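Each chain is listed here by its residues.
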Amino acid sequence: MITRVDDYLHAVPLSGAEAEQVGPFTLFRSTTIWPYYARPVPGSGATIEPSDVELVRKRCAELEIPLSFEWVVETCPSLGDAAAAAGLEVVQHPLLVLERADFRPAVADARCEVLSADEDVVRQARAVVNLAFGESGTAVGNAGPAERDAAAAQLADEMVATLRDRIGRGVSVGAGAFTEDGLVAAGTHQPVGAATEIVGVGTLPALRRRGLAAAVTSTLVQHALDNGVDLVLLSAEDDAVAAVYERVGFHRIGHTGAAE
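From a predicted model like this one, the values you see are computed outputs, not experimental measurements.

Enquirer: Whenever I open this one, the state of the cysteines confuses me. Can you help?
Expert: Covalent bonding between the sulfur atoms of two cysteines defines a disulfide. Summed over the entire model, instances satisfying the criterion amount to zero disulfides. We note that Cys76 lacks a disulfide partner, and the nearest cysteine sulfur, in Cys60, lies 16 Å from it.

Structure (structure tokens):
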């Protein structure tokens, strides 16, 4: 299972990046408006040294792109220490998966549905997620519908066009929860073959603790399962966030690492 997850995570950046081998890593050079990262080559079994990290640092400097790494800790346990020794900040997050038989759909007092590529919808969904991650965690926060509308209006046109293009190409599928306040929670899944990853699920901080994130996650999972996917994965911010996903049937299989 964890090998399959690692293979998926190595394939998914290719919807917006070109791959280049640098030592024991694949460096994903972005072809879109956001940066990507380097990952250890799946199945190589390489022990990563600080000198390997420096190879990537040098190449990123040549390309004038940010230096960052993402990986599955259990498939490359040496990278965290090597990255830290090279002066990078290293974090780990719970890695969870869900298979069809384990799915327990969650519902909330909201209308949940797959989102269209309509510009206003895309703007609002991105604004919701940005505000959610701006006030991280699961506690009720401050940003609400008024802040969403202001943030949506300020999103760069290029960002919105890129998000709409990804929806149109089928490399990104969004879902949202709607109440009398409009779109209040949103998230995305990114299918590659029979696997997909759920990313960027967030609720307006002022409307947390209503089960909206779990309901959006359930909508994304159901869409994935209805469209040829049999393995759904995600990386949670922390244990508290992981518990939200465990309620709909996800279970932990390891950790993802990130360094920058």
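Now, onward.
Enquirer: Just to check I follow, could you spell out the pairing of strand S10 (residues 231–235) for this structure?
Expert: Walk down a regular strand and you will see the side chains alternate between the two sheet faces. Most of S10 is tucked away, with four of its five residues classed as buried. By the bridge criterion, five bridges tie strand S5 (residues 90–99) to S10 in an arrangement that is antiparallel. Counted as the bridge partner of Glu99 is Leu231 from S10. Of the pairings in the sheet, the one linking strand S9 (residues 195–203) to S10 comprises three bridges and is parallel in character. Residue pairing across strands places Thr196 opposite Val232, the latter belonging to S10. After leaving S9, the chain enters helix H7 (residues 212–226) and then returns to the sheet as S10, a path that is right-handed.

Enquirer: Even after reading the chapter, I still don't get the nonpolar core, so can you show me in this structure?
Expert: Most often, soluble globular proteins keep nonpolar side chains buried together rather than apart. Within the largest apolar cluster, 31 residues are counted, with the highest numbers of intra-cluster contacts made by Ile198, Val221, Val232, Leu234, Ala236, Tyr245 and Phe250. Among the secondary structure elements, those contributing two or more residues to this core are S5, helix H4 (119–134), strand S7 (173–179), strand S8 (182–192), S9, H7, S10 and helix H8 (239–246). Here the element with the most residues in this core is H7; it accounts for seven residues. Aside from chain neighbours lying at most four places away, what touches Phe250 is Leu96, Val97, Leu98, Ile198, Thr217, Val221, Val232, Leu233, Leu234 and Tyr245. Among the nonpolar cores identified, the runner-up in size contains 19 residues, and Val22, Ala38, Cys60 and Ala259 belong to it.

Enquirer: I keep staring at the packing of H4 against helix H5 (residues 145–154) and nothing clicks. Help me out?
Expert: Packed helix pairs are specified by the crossing angle of their axes together with the interaxial distance, meaning the distance between the axes. Axis separation between H4 and H5 bottoms out at 8 Å; the angle between their running directions is 115 degrees. Pair H4 / H5 crosses with right-handed handedness. Across from Arg123, Gln124, Ala127, Val128 and Leu131 in H4, the residues of H5 making contact are Glu147, Arg148, Asp149, Ala151, Ala152 and Ala153. Here the contact of H4 with H5 is composed, by residue class, of six nonpolar, one polar and four charged.

Enquirer: How should I be thinking about helix H6 (residues 157–169) in this particular structure?
Expert: An α-helix turns once per 3.6 residues; consequently, residues spaced three or four apart project the same way. Over its 13 residues, H6 extends 18 Å from the first C-alpha to the last, a length consistent with the 18 Å expected when each residue adds 1.5 Å. Residues Met159, Val160, Thr162, Leu163 and Arg166 constitute the buried set of H6. Here the buried residues of H6 occupy an arc of 160 degrees about the axis, which is enough to place them on one side. In H6, those exposed residues whose orientation departs by more than 90 degrees from the buried face are Asp157, Glu158 and Gly168. Contacts made by the buried residues of H6 are with H4 and S8. Just downstream of H6, Gly170 is the residue with a positive phi angle, here 80 degrees.

Calculation notes
Residues numbered from 1 in each chain as written. Predicted model: local features only at pLDDT ≥ 70, side-chain atom pairs only at ≥ 80, totals over all residues. Heavy atoms only, no water. Disulfide = S-S within 2.5 Å. Buried < 20%, exposed > 50% of the residue type's maximum accessible area, 1.4 Å probe, protein only. Helix = DSSP H or I, 4+ residues; strand = E, 2+ residues; numbered from the N terminus. Pairing = 2+ DSSP bridges. Right-handed = clockwise from strand over helix to strand, strands pointing away. Core = buried A, V, L, I, M, F, W, Y, C linked by side-chain atoms within 4.5 Å. Contact = heavy atoms within 4.5 Å. Axes fitted to C-alpha atoms, helices over the stretch in contact; angles between N-to-C directions. Left-handed = near helix turned anticlockwise from the far one by under 90°. Nonpolar A, V, L, I, M, F, W, Y, C, P; charged D, E, K, R; others polar. Expected span 1.5 Å × (residues − 1). Arc of directions from axis to C-beta.

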